[in-house]
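Descriptive structure summary
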Amino acid sequence: MTGHVIVRTTRGPSPQVVDALATSGVATAHEAHGRRGLLGPELRPIYPGARIAGRAVTVLSHPGDNLMIHASIEQCRAGDVLVVATTSRCTDGMFGDLFATQLLHRGVRGLVTDAGVRDIADLQAMGFPVWSRAVHAQGTAKAVPGSVNVPVVVAGQLVHPGDIIVADDDGVLCVPLADGGTVVAAAAEREANEEAKRRRFRDGELGLDVYGMRPLLERLGVRYVDDLADGEETP
């Protein structure tokens, strides 16, 4: 496919898969997905405490130009997460409260952008969560074409339209659409396992014993001593 396109698609996960991954959160879902799919740590939430998941609606924009964000909104539906990439690095404030007002009306759960955002106080007051590369008041133009619902790379991670985005205070994760059900099952198993360990830790057990790491320390040559001998130094 060549040229600039706006792809109309309903490709996406079931609400049950999305809600389960939102409950699990980024760290657990990332582990359950074989430690794959994380977007780079440079994307940070604009305020703490938000936890979302949703179908990715992707945007590829020219840096410093938000025309295609405008064009993407009519492709969004309830439960989606808007994912914005730029063709080269950009920290301009390409998104603000007027965009969020439109997206909230359509039931969109949040924004993930490899560029910048502004109107942070308004976005927080509206309860519209954003994960962005930067917070920057620099304005943008509306003149250069791009595409909507095409594969994009955001903070080093490939995101296809319809993939599942999970985002919270720990960062942002992309789960490919085809892997959603598998990751949900693995996350549930992991959560049950962690709760069992949590109970043991509350009872006073140590991670060294719960995880069976004492033999590992011995194999690695780690010794227990009551004190360092005179003149003995640690490595």
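For clarity, every value in this text was computed on a predicted model and none was experimentally measured.

Considering the UniProt feature "binding site: substrate" (unreviewed entry) in the chain
- The residues that UniProt annotates with the feature "binding site: substrate" (unreviewed entry) are Arg118.
- Judged by its relative accessible area of 33%, Arg118 falls in the partly exposed class.
- Once residues lying within four places of it in the same chain are set aside, the contact partners of Arg118 are Gly93, Phe95, Gly96, Leu123, His136, Ala137, Gln138 and Gly139.

Side note on unusual backbone geometry
- A positive phi angle, close to 60°, is found at Asp119, a residue other than glycine.
- For Asp119, the location among the structural elements is in the loop between strand S5 (110-117) and helix H5 (120-126).
- We note that Ala155 has phi near 50°; this positive angle belongs to a residue other than glycine.

What to know about the environment of Asp92
- Mapping Asp92 onto the fold places it in the loop between strand S3 (80-86) and strand S4 (93-95).
- In the structure, Asp92 is positioned 50 residues away from Glu42 in sequence and 15 Å away in space, judged by C-alpha atoms.
- Each residue touching Asp92, except ones within four places of it in the same chain, is listed here: Gly64, Ala115, Gly116, Val117, His136, Gln138, Gly139 and Thr140.

Description of helix H6 (residues 180-202)
- With 23 residues, H6 extends 32 Å from end C-alpha to end C-alpha; this agrees with the ideal 33 Å at 1.5 Å per step.
- Along H6, the residues classified as buried are Gly180, Val183 and Ala187.
- On its buried side, H6 packs onto helix H1 (15-24), helix H2 (26-32), strand S10 (164-168) and strand S11 (171-175).
- Trailing H6 by a residue or two, Gly204 shows a phi angle of about 105°, which is positive.

Concerning the state of the cysteines
- With the rule as written, the count across this model stands at 0 disulfides.
- Free cysteine: Cys76, not disulfide-bonded; nearest cysteine sulfur from Cys174 at 16 Å.
- Its relative accessible area of 4% is what places Cys76 among the buried residues.

A word on the pairing of strand S6 (residues 130-135)
- Relative to S6, strand S1 (residues 44-45) is paired through 2 bridges, and the arrangement is antiparallel. Looking across to S6, one finds that Arg44 is bridged to Ser132.
- Bridge analysis of S5 against S6 gives 5 bridges, and the strand direction is parallel. From the neighbouring strand, Gly116 faces S6, where its bridge partner is Ala134.
- With H5 bridging S5 and the parallel S6, this β-α-β connection has right-handed handedness.

Quick word on the environment of Gly54
- The topology assignment puts Gly54 in strand S2 (residues 52-61).
- Gly54 sits in the buried class, given a relative accessible area of 0%.
- When sequence neighbours within four positions are dropped, the list of residues in contact with Gly54 reads Val18, Gly79, Val81, Asp163, Ile164 and Ile165.

Observations regarding the pattern of salt bridges
- If you walk through the whole model with that rule in mind, you get 14 salt bridges.
- Put simply, Glu31 and Arg190 hold a salt bridge, and the shortest N to O gap is 4.0 Å. Here the residue Glu31 occupies a position in helix H2, and Arg190 occupies one in helix H6, the gap between them amounting to 159 residues.
- Relative accessible area serves as the criterion here: at 31%, Arg190 is assigned to the partly exposed category.
- With its nearest N and O atoms 3.3 Å apart, the salt bridge here joins Glu194 to Arg190. In this pair, Glu194 and Arg190 are both assigned in helix H6, 4 residues apart and thus about one turn of the helix distant.
- Where salt bridges share partners, they join Glu31, Arg35, Arg190 and Glu194 into one cluster.

About the thresholds
- Residues numbered from 1 in each chain as written.
- Predicted model: local features only at pLDDT ≥ 70, side-chain atom pairs only at ≥ 80, totals over all residues.
- Heavy atoms only, no water.
- UniProt positions renumbered as here; feature names shortened; annotations may be inferred.
- Buried < 20%, exposed > 50% of the residue type's maximum accessible area, 1.4 Å probe, protein only.
- Contact = heavy atoms within 4.5 Å.
- Helix = DSSP H or I, 4+ residues; strand = E, 2+ residues; numbered from the N terminus.
- Expected span 1.5 Å × (residues − 1).
- Disulfide = S-S within 2.5 Å.
- Pairing = 2+ DSSP bridges.
- Right-handed = clockwise from strand over helix to strand, strands pointing away.
- Salt bridge = Lys/Arg side-chain N within 4 Å of Asp/Glu carboxyl O.

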